[in-house]
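As a plain string of letters, each chain reads:
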There are 2 protein chains.
Amino acid sequence: MTPLNHALLGLIRAHPRSGYALLKVFETTPMGSYSSSPGSIYPALRSLEKAGLVDVRDPRDARGKGLYHITAAGRAALEQWMSAPIVDLDEALLRFAFLPEDDGPAIRAFLDAFEAAADAQASGLAAFLASDAATGMTAKSRIAVEHGRCRLTASAGWARAAKRHFSDE
Amino acid sequence: MTPLNHALLGLIRAHPRSGYALLKVFETTPMGSYSSSPGSIYPALRSLEKAGLVDVRDPRDARGKGLYHITAAGRAALEQWMSAPIVDLDEALLRFAFLPEDDGPAIRAFLDAFEAAADAQASGLAAFLASDAATGMTAKSRIAVEHGRCRLTASAGWARAAKRHFSDE
DNA sequence: CCAACCATGTAAGCTGTTACATGATTGA
DNA sequence: TCAATCATGTAACAGCTTACATGGTTGG
């Protein structure tokens, strides 16, 4: 399962959609970073279908293919992916977007884990910068690594702000 | 030319290295995000060699392959890549690390461009969030986009801080 | 002498990119 | 009627990942 597959599965679970409608999501929103063109989306939908995670139903009319629906197996696969430990923050962010809208505790737990992961990664870079390996590098290389640390700190800060947002509702 | 190719070329320009030494750079520094294993690095070195951007010389002894040196064509290719407009910030960061150590004006110009690109991308996300498309999305999706904006703002902030660092030297 | 590391590769498989191709429908 | 958009694909190609394979050398 690639990130694109997960993105498609999550969108389809939110509500059934045609391949074209899914294509448009990637073309018109920042989700576009997960794909680019029909050449990746249609084959990915095929693979989801072949894996039994989605099925196609409700052809609107003679020409259209119909709407992709998520199957029970698809739900299970998505659930498993959603509950895996956070390693990659970008992937985690995709999972965040697919979290159930109303489950406050789950959202807060996820944000806690996200913040912890971002902090841990930031600490990892800080440790690297303090190590022998870093002192041998050029000044610019170290500052480039600093950039990574800044971004991770920003990610952790975002998680804290988001938690505040979801605590008073 | 893939990011990995550029990373290799930049490292080799800094000073000649063996394939194994390059491998170790990716294994032991945050540059690892550009690669992972011999399975990508050795073929990439081959392609650089075939393209005439590097050549192999100075075999240390009978068994070793020797050291990769950058060629005139390699220098030219790197130069062209370095002076292209900034589109992708991660790629730009790699370029930053390869900027000549002593050329203050070039560094400052680059950081100006980097900051402008980060600000522009952040504005793009802000515009999206203010658009009709965003109002139709779920709250969590909007907050996920916010994360992207936070990170871009952090990137711009990093560039400003780096400029201060390079102005008093 | 044996494990760890130096040093270099190959091969299968999967994914994504780019570009091309097709045909129906809708609005001006 | 003609362009744009809806809607769905195919095919070539390049690249990365994973896993496997091969030998030499060094330190304990």
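Look up: the structure comes first, before these words.
In what follows, the accompanying structure is described. (Residues numbered from 1 in each chain as written. Chains lettered and ligands numbered in written order. Predicted model: local features only at pLDDT ≥ 70, side-chain atom pairs only at ≥ 80, totals over all residues. Heavy atoms only, no water.)

Before going further, it helps to spend a moment on the packing of aromatic side chains. All names here are of chain A. In the structure shown here, the tally under the stated rule is eight aromatic pairs over all chains. Taken together, a centroid distance of 6.2 Å and an interplanar angle of 75 degrees make the contact between phenylalanine 96 and phenylalanine 166 edge-to-face. Taken as a pair, phenylalanine 96 in helix α5 (residues 89–98) and phenylalanine 166 in helix α8 (residues 139–167) lie far apart in primary sequence, 70 residues in all. Taking 5.1 Å as the distance between ring centres and 70 degrees as the angle between the ring planes, the aromatic pair formed by phenylalanine 114 and tryptophan 158 counts as edge-to-face. Taken together, the residues phenylalanine 114 in helix α6 (residues 104–130) and tryptophan 158 in helix α8 connect sequence positions 44 residues apart. In this structure an aromatic cluster arises from ring pairing among Phe96, Phe110, Phe114, Trp158 and Phe166. The positively charged end of arginine 95 is found above the aromatic ring belonging to tryptophan 81, 6.0 Å away from the centroid. (Phe/Tyr/Trp six-rings, centres within 6.5 Å; stacked < 30°, edge-to-face > 60°. Helix = DSSP H or I, 4+ residues; strand = E, 2+ residues; numbered from the N terminus. Lys NZ or Arg CZ within 6 Å of the ring centre and 35° of its normal.)

With that settled, the discussion passes to the protein's contact with DNA strand C. Within the structure, DNA strand C sits among 14 residues, and Ser36 and Ser37 of chain A together with Tyr20, Tyr42 and Lys65 of chain B are positioned closest to it. Here a phosphate oxygen of DNA strand C sits 2.8 Å away from a polar atom, N or O, in the side chain of serine 36 of chain A. At a separation of 2.4 Å, a phosphate oxygen of DNA strand C approaches a polar side-chain atom of tyrosine 20 of chain B. Elements supplying a minimum of two residues to the surface near DNA strand C: α3 (38–50) of chain A together with α2 (19–28) and α3 (38–50) of chain B. The element contributing the most residues to the surface near DNA strand C is α3 of chain B, with four residues. (Near = heavy atom within 4 Å. Polar contact = N/O pair within 3.5 Å; in protein donor to acceptor, adjacent residues only side chain to side chain.)

Every one of the 16 residues lining DNA strand D counts as a neighbour, but Tyr20, Tyr42 and Lys65 of chain A together with Ser36 and Ser37 of chain B are closest to it. Taking the atoms of DNA strand D that fall within 4 Å of the protein, sugar and phosphate contribute 69% of them. A distance of 2.3 Å separates a phosphate oxygen of DNA strand D from a polar side-chain atom of tyrosine 20 of chain A. Contributions of two or more residues to the surface near DNA strand D are made by α2 (19–28) and α3 of chain A together with α3 of chain B. Here the surface near DNA strand D is composed, by residue class, of five nonpolar, seven polar and four charged. (Nonpolar A, V, L, I, M, F, W, Y, C, P; charged D, E, K, R; others polar.)

The partner chain A presents 31 residues to the 31 residues of chain B that form the contact. Roughly 2600 Å² is buried in total at the junction of chain B and chain A, and carbon and sulfur atoms are behind 70% of that figure. Here chain B is connected to chain A by four salt bridges. Its salt-bridge partner being glutamate 101 of chain A, residue lysine 140 of chain B comes within 3.0 Å of it at the nearest N-O pair. Summed over the shared surface of chain B and chain A, the result is ten residue pairs in polar contact (both at pLDDT 80 or more). Mapped onto the side of chain B that touches chain A, the elements with two or more residues apiece are α5 (89–98), α6 (104–130) and α8 (139–167) of chain B. Looking at the side of chain B that touches chain A element by element, the count peaks at 16 residues for α8 of chain B. (Contact = heavy atoms within 4.5 Å. Buried area = accessible area lost by both parts, 1.4 Å probe. Salt bridge = Lys/Arg side-chain N within 4 Å of Asp/Glu carboxyl O.)

By a simple turn and slide, chain B fits onto chain A: the slide is 0.0 Å along the axis, the RMSD is 0.0 Å, and the turn is 180 degrees. As the rotation angle and translation indicate, the two copies are arranged about a two-fold axis. Residue arginine 151 of chain B of chain B places its C-alpha closer to the rotation axis than any other residue of that unit, at 2.7 Å. In this assembly, 100% of the residues forming the interface of chain B have copies in chain A that are likewise at the interface, indicating an isologous arrangement. (Least-squares fit on C-alpha atoms with pLDDT ≥ 70 in both.)

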